Amino acid sequence: MEPSLEHEVADGIATVVIRNPTKRNAMTPGMWRALPPLLTRLAADPAVRALVLTGEGDTFCAGADIGSLSATYEKSTGLALPAEEALAAFPKPTLAAVRGYCVGGGCQLAAACDLRFAEEGARFGITPAKLGIVYAPSSTRRLVELVGPATAKFLLFSGELIGAERALRTGLVDEVLPAGGLDKRVAEFTRSLVSRSQLTQAAVKEFAAGPVEPDRAAYWREQTRHSEEAGEGIAAFLERRTPRFLWTPPVG
């Protein structure tokens, strides 16, 4: 099988699968390049309400396929960052479903998602110090925001792997599931996501990303005022029924 990124859309969820099983789903240059345009297409699809990123089989992603990378630093390391940033900028909720190894560039991708659920036995590590690579400033800051400076330094200085339970304690992972329980929990949680207000989710993603300019705050106030989301949510609560949220992100 050729290494690839497979995807499907069902019931409002886009699932992207990293597939390179002979190399623990390591990302080849072609896979890094393919991810940003794929995410652009999925973001524009009105049928997509959330995205799940996972790996084929029992491994999430062992990082970059070192054997396929150029010996030139700029060419080699410049591939992962655009893919990571495209994932971080995806306008709808994203979740990394992690089994097995989540290392190097794989951990970069998981960290760029909004949430990370892991199965017991998963292993996490970020390994630039083993290769003499300088981790990008934006990637470093994203890691620090997730786990704090001490744990970020531990991971980046040493390149050592940590288990799922330590990842949970440090904030790198949001939930750890028993063996065999990951798929069920991800399906349950994403069903919940697609039932919620996209207006709320879109605003939260923008606000959580950093400082919000006054015009953007005003934009979201207007969206709230002119939508019927709050009225529908309150009515559904009082009537003890599931709300029917209709707001969708503007196209373009």
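Use the structure listed above.
Everything numeric in this text was worked out from a predicted model, so none of it was measured.

1. A word on unusual backbone geometry
For Arg24, which is not glycine, the phi dihedral falls at a positive 55 degrees. Among the structural elements, Arg24 can be located in the loop between strand E2 (13-19) and helix H1 (29-44). Its identity is not glycine, yet Asn25 carries a phi of approximately 60 degrees, on the positive side. Mapped onto the secondary structure, Asn25 falls in the loop between E2 and H1.

2. A word on the sheet that holds strand E8 (residues 162-163)
Taken in spatial order, the three strands make up an open sheet running E5-E7-E8, and their pairing is mixed. Each end of this open sheet is capped by a strand with a single partner; those strands are strand E5 (101-103) and E8. When E5 meets strand E7 (residues 123-125), the two strands line up parallel, connected through three bridges. Pairing of Cys102 across the sheet is with Phe124, part of E7. Most of the contacts of helix H4 (residues 105-112) go to E5, to which it runs at about 90 degrees, and overall it touches E5 and E7.

3. Some points on the nonpolar core
Of all hydrophobic cores here, the largest spans 46 residues; its most connected members are Ile18, Leu51, Leu53, Phe60 and Phe124. The biggest single contributor to this core is H1, with six residues. Those residues in contact with Ile18, other than ones at most four positions away along the chain, are Ser4, Leu5, Asn25, Met27, Met31, Leu53, Thr54, Gly55, Glu56, Phe60, Cys61 and Leu109. One finds Ala97, Phe117, Leu182 and Val194 within the second-largest nonpolar core, a separate group that totals twelve residues.

4. Here we look at the sheet that holds E2
Taken in spatial order, the six strands line up as E1-E2-E3-E4-E6-E9 in an open sheet, and their pairing is mixed. With partners counted over all chains shown, the strands left at the sheet margins are strand E1 (4-10) and strand E9 (175-177), one partner each. Between one strand axis and the next, the sheet turns by 20 degrees as a mean value, whatever way the strands run. As paired strands, E2 and strand E3 (residues 50-55) are joined by six bridges and run parallel to one another. Paired with Val16 across the two strands is Leu53, which belongs to E3.

5. Some points on the pairing of strand E6 (residues 115-119)
Looking down a regular strand, the side chains alternate between one sheet face and the other. Where burial is concerned, most of E6 is hidden: four out of the five residues are buried. As judged from the four bridges shared by strand E4 (residues 94-98) and E6, these two strands associate in the parallel manner. Looking across to E6, one finds that Ala97 is bridged to Phe117. Bridge analysis of E6 against E9 gives three bridges, and the strand direction is parallel. Bridge pairing links Ala118 to Val176 in E9.

Procedures and definitions
- Residues numbered from 1 in each chain as written.
- Predicted model: local features only at pLDDT ≥ 70, side-chain atom pairs only at ≥ 80, totals over all residues.
- Heavy atoms only, no water.
- Helix = DSSP H or I, 4+ residues; strand = E, 2+ residues; numbered from the N terminus.
- Pairing = 2+ DSSP bridges.
- Contact = heavy atoms within 4.5 Å.
- Axes fitted to C-alpha atoms, helices over the stretch in contact; angles between N-to-C directions.
- Core = buried A, V, L, I, M, F, W, Y, C linked by side-chain atoms within 4.5 Å.
- Buried < 20%, exposed > 50% of the residue type's maximum accessible area, 1.4 Å probe, protein only.

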